[in-house]
Amino acid sequence: MSTIASAGIQAAQPLLPEPATVAAVIRETETIRSYRLVFDDPGVMAAFSFLPGQIGLVSVMGAGESTFAISSPPSEKEYFQFSVMKTGVVTGAIHELGEGDKVAVRAPMGCAFPSDGWKGKNVMIVAGGIGMAPLRSLLLHLLDHREDYGKLQLIYGARTPADLCYAGDRQQWEERGDLDAVTTIDVELPEWTGRAGLVPAVMEESGLRPENTVAVICGPPVMIKFVLASLDRMGYREGQIYTTLERRMKCGIGLCGRCNVGPKYVCTDGPVFSLESLRGLPDEL
Ligand SMILES: Cc1cc2nc3c(=O)[nH]c(=O)nc-3n(C[C@H](O)[C@H](O)[C@H](O)COP(=O)(O)OP(=O)(O)OC[C@H]3O[C@@H](n4cnc5c(N)ncnc54)[C@H](O)[C@@H]3O)c2cc1C
Ligand code: FES
C-alpha cells in the first residue's frame, strides 16, 4: 500500500498570508464559483508548486479566512484555482469578488494524494457536488501523466444538471478515448440525455473492478457513506480507498488542535487519508 504523499512543498512561511489577485471568476453553478488567483509577487508565483489534494487558506479583508482544495492541476503555472461554494460569511465575501480584487492566501498546506504510488494501477475517481474540486486537480494531473496509469474512470454526480461544475472540462473528458467519464444526476429529467441515478448505484453497476485499482472519493458525507458500502460489496479493501476530510481549521499547521479527528490533524496528517489509516478513529465519514 502506498502511503500518503507528505507535504514536502508546504508554504515557506505557512502562517503568513501572501497577497494575491483574482485573475478570473468562473460561474460553475448557482452557488459555486471558481477563482483563478495569481500571487502578486512574481517570484512567489514562479516558485509556487503543489500536488493534487493539497489545500489553501484564503482570506478576504474584513470577512476572515477559509479552507479550500486547490482545484487546478500542478502543471498550470499561470494561475491556481479554488472552487468555492457559498455557505456563509467568508464564502459569501469571496462570491462578491471580481477580477482584479485582492485576497491573501496561505498555500500549499496539507498532504496530497499519493498518486506516484499508484503508477501502473487503475484509478477510479468518484465525486459528488463540490467534492469534485480536489478531484479535478487530481484527474488533470493523472491525465498529464496518462501513460503512467492503467484504466482511468471518473464517476461524477450532482443532484441536477444545473448543479454540475466544470462544464468545459466535462465535455473534453467525455470525448477522450483514454478516460471513462461518467456523469450522473440523481433522477431522470426530460432535458438530460446522460446517466441518471445516485453515485453509489452507478458506481456499483459501471465502476472499475477492484483488481489493481485504487478508488478516490470526495463528496457530501451521505454520498461517501453509501459509496463506501458499495465499494465493500464490490470487493475493495480499505487500503485501496482514499478520501479527503473536511474539518474547520484555524492555524492550518498542526498547532491549534482545531481540526482533529481522534489523534490526527486534518491540516497536517490530511486532508487526504486512506480508509485504512482512518480505521479505529471516531466515525468521521
Ligand atoms: C480541507 C478542506 C477542504 C475544503 N475544500 C473546499 C472546497 O474546495 N470548496 C468549498 O467550497 N469548500 C471547501 N471546504 C469547506 C469550506 O472551508 C467552508 O465551506 C468554509 O470555511 C465556510 O466558511 P464561511 O465563513 O463561508 O461559513 P460560516 O459562516 O463559518 O458557516 C456557514 C455554514 O457552513 C458550515 N461550515 C463552515 N465550515 C465548514 C467546513 N469546514 N465543513 C463543513 N461545513 C462548514 C457551518 O457549520 C455553517 O453551517 C473545505 C474545508 C476543508 C476543511
Ligand atoms: S487547524 Fe490548527 S491544528 Fe489543524
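Just above sits the structure.
As a starting point, this report considers the structure included with it.

### Considering the sheet that holds strand 12 (residues 241–244)
Ordered in space as 10-9-8-7-11-12-15, the 7 strands form an open sheet in which the pairing is mixed. Looking at the sheet topology across the chains shown, the edges are occupied by strand 10 (195–196) and strand 15 (272–274). As defined by bridge partners, strand 7 (residues 122–128) adjoins strand 11 (residues 213–218) across 6 bridges and the pair is classed as parallel. In the sheet register, Met-124 faces strand 11, and the bridge partner there is Ala-215.

### Comments concerning unusual backbone geometry
Going from Ala-107 to Pro-108, the amide bond is cis rather than trans, its omega being -5°. Mapping Pro-108 onto the fold places it in strand 6 (residues 102–109). A cis amide bond, omega 10°, links Gly-270 with the succeeding residue Pro-271. Within the fold, Pro-271 resides in the loop between strand 14 (264–265) and strand 15. The backbone of Tyr-166 sits at a positive phi, close to 60°, despite the residue not being glycine. Summarising the element assignment, Tyr-166 is placed in the loop between strand 8 (152–158) and helix 4 (167–175). Here the phi dihedral of Asn-212 falls at roughly 55°; this positive angle occurs in a residue that is not glycine. Position of Asn-212 among the secondary structure elements: in the loop between helix 5 (199–206) and strand 11. Relative accessible area serves as the criterion here: at 44%, Asn-212 is assigned to the partly exposed category.

About the criteria used
- Residues numbered from 1 in each chain as written.
- Chains lettered and ligands numbered in written order.
- Predicted model: local features only at pLDDT ≥ 70, side-chain atom pairs only at ≥ 80, totals over all residues.
- Heavy atoms only, no water.
- Pairing = 2+ DSSP bridges.
- Helix = DSSP H or I, 4+ residues; strand = E, 2+ residues; numbered from the N terminus.
- Buried < 20%, exposed > 50% of the residue type's maximum accessible area, 1.4 Å probe, protein only.

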